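Coordinate analysis (summary)
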Amino acid sequence: MSRILITGGTGFIGSNLAKRLVEDGHEITIIDNLFTSSTANIQDIVSNVKYFNIDLSNKHNVNDLDNIFRLGEFDICYHFAASIGVKLIYKDSSSALHNSFNINMNLFPLFEKYNVKVIFSSTSEVYGESEEGGSKETDILKIFAPGKPRGSYACSKLMSEFLLKSYTFPNVIVRFFNVVGKGQVSTYGHVLPMFIEKARAGESLPVFGDGEQIRSYCHILDAVEMLVLLMDSKHDGEIYNIGNDKNICTVKQLASGVIRLMNSTSEIEYIPFEDALGSNFEEIFVRFPCTDKIKEYYTCKYNLETIIRGLRDVK
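The present account deals with the structure reproduced in this document. In this text the structure is predicted, and so the values were computed from the model without any measurement.

Some details on the pattern of salt bridges
- Applying the stated rule across the entire model yields 15 salt bridges.
- Close ionic contact of E225 with R20 constitutes a salt bridge, the shortest N to O distance being 2.3 Å. Of this pair, E225 sits in helix α7 (residues 220-229) while R20 sits in helix α1 (residues 12-23); the two residues are 205 residues apart in sequence, bridging distant segments of the chain.
- The exposure class of E225 is partly exposed, given its relative accessible area of 29%.
- The partner of E212 in a salt bridge is K252, and the shortest N-O contact between them spans 2.7 Å. Within this pair, whereas E212 is found in the loop between β8 (205-208) and β9 (214-216), its partner K252 is found in helix α8 (residues 251-261), the two being separated by 40 residues in sequence.
- Where salt bridges share partners, they join R20, D24 and E225 into one cluster.

Set out below in structure tokens:
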């Protein structure tokens, strides 16, 4: 049994991971300020975890956090706390950037002080456009120029990766590629749950541009399995893509697949980028992972049709 802290643990990925770790018999503590999540996501395990509602970005909470770390004696922290979602980033990119940076400025010294192993949630956004064969952990990273809101999120994550590596506590960096599944909401711009909701209601599915953007989609249960195996110390110091290199399609194909598998009367509505997110929007047209590194330890089980059918059947 390990003593595990999950920051952002009531969010989509954090809550699903928490449930799996509780099943495995680990002692779980969750910290989340519920800004983009809800304790409803951990309702079925609430009696099995310790939960603290704390704003990790506020420096005035550092003393309380220090007490939690001291008393918790954590072996591992899955660090997911950050601003998320395209809509949130475009709404206030400055706040999103500062929020993520302040969180890490407060937490990283505590990880160092208590020598906690950290599995840090980064993002596939740091790769920019994927090259042939998918984005690799060893690729040179590319972000948008300053002043482009989308670059704020990638910049905050990349800056945090470099900050992380300036400390000596054991760590693993994970870069997520479109993790989807039951419990994910469309509120912050996640495309698949939004398509599901629209198709269920018979409404048009909004697709930005011509819909030829290429993405890949990974089931949350596959992502959780990959995250769990990274607790092993042999992964310390490594970077891993968390995604599925088989579930690759265009956004237009995804929308069509949702309509077909849900037997929906919905149609696709093509919306110019500038109408949806403003003239300052920058798109990444091709993004999918090379997963050769993580596949040495785990191969994803869920194909895209299975994922869509599973979401279709959620009431």
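Quick word on helix α5 (residues 149-164)
- The end-to-end C-alpha separation of α5 is 23 Å, in line with the 22 Å expected for 16 residues at 1.5 Å each.
- Burial analysis of α5 places 13 of its 16 residues in the buried class, which makes it a mostly covered element.

Considering unusual backbone geometry
- We note that E73 has phi near 50°; this positive angle belongs to a residue other than glycine.
- Note that E73 resides in the loop between α2 (62-72) and β4 (76-79).
- On the basis of relative accessibility, which here comes to 51%, the residue E73 falls in the exposed class.
- Positioned with a positive phi, N263 is a non-glycine residue whose angle comes to about 50°.
- Within the secondary structure layout, N263 lies in the loop between α8 and β13 (268-271).

Thoughts on the packing of aromatic side chains
- What the rule picks out here adds up to 14 aromatic pairs.
- Plain terms: the ring middles of Y78 and F80 are 6.1 Å apart, the flat faces sit at 35° to each other, and that makes the pair tilted. With respect to class, Y78 is no different from F80; both count as buried.
- For the pair F108 and F111, a centre-to-centre distance of 6.0 Å together with 40° between the ring planes defines the contact as tilted. A residue pair is termed a helical-turn pair when its members lie 3 or 4 positions apart in one helix, as F108 and F111 do in helix α4 (residues 93-114) at three residues.
- Aromatic ring contacts, followed pair by pair, group F69, F74, F108, F111, Y114, F120, Y167 and F169 into a single cluster.
- Geometry around Y240 places K293 over its ring, the cationic atom sitting 4.9 Å from the centre.

What to know about the nonpolar core
- Counting residues in hydrophobic clusters, the biggest one holds 35 residues, and the most contacted among them are I6, L17, L21, I28, Y78, L227 and L230.
- Looking at this core, the element that brings in the most residues is α7, giving seven residues.
- When neighbours within four sequence positions are excluded, I6 is seen to be in contact with G14, L17, A18, L21, I28, T29, I30, I31, Y78 and F80.
- Counting residues in each nonpolar core, the second largest holds 23 residues, with L65, A81, I103 and F108 among its members.

Overview of the sheet that holds β4
- The seven strands are arranged β3-β2-β1-β4-β5-β6-β11 in an open sheet whose pairing can be described as parallel. Since the sheet does not close on itself, it has two edges, and those belong to β3 (49-52) and β11 (239-242), each with one partner. Each adjacent strand pair in this sheet contributes to an overall mean axis angle of 20°, direction not counted.
- The sheet contact formed by strand β6 (residues 171-176) and β11 spans four bridges and is parallel. Across the sheet, residue I173 finds its bridge partner in β11, namely I239.

Each value, and the rule that gives it
- Residues numbered from 1 in each chain as written.
- Predicted model: local features only at pLDDT ≥ 70, side-chain atom pairs only at ≥ 80, totals over all residues.
- Heavy atoms only, no water.
- Salt bridge = Lys/Arg side-chain N within 4 Å of Asp/Glu carboxyl O.
- Helix = DSSP H or I, 4+ residues; strand = E, 2+ residues; numbered from the N terminus.
- Buried < 20%, exposed > 50% of the residue type's maximum accessible area, 1.4 Å probe, protein only.
- Expected span 1.5 Å × (residues − 1).
- Phe/Tyr/Trp six-rings, centres within 6.5 Å; stacked < 30°, edge-to-face > 60°.
- Lys NZ or Arg CZ within 6 Å of the ring centre and 35° of its normal.
- Core = buried A, V, L, I, M, F, W, Y, C linked by side-chain atoms within 4.5 Å.
- Contact = heavy atoms within 4.5 Å.
- Pairing = 2+ DSSP bridges.
- Axes fitted to C-alpha atoms, helices over the stretch in contact; angles between N-to-C directions.

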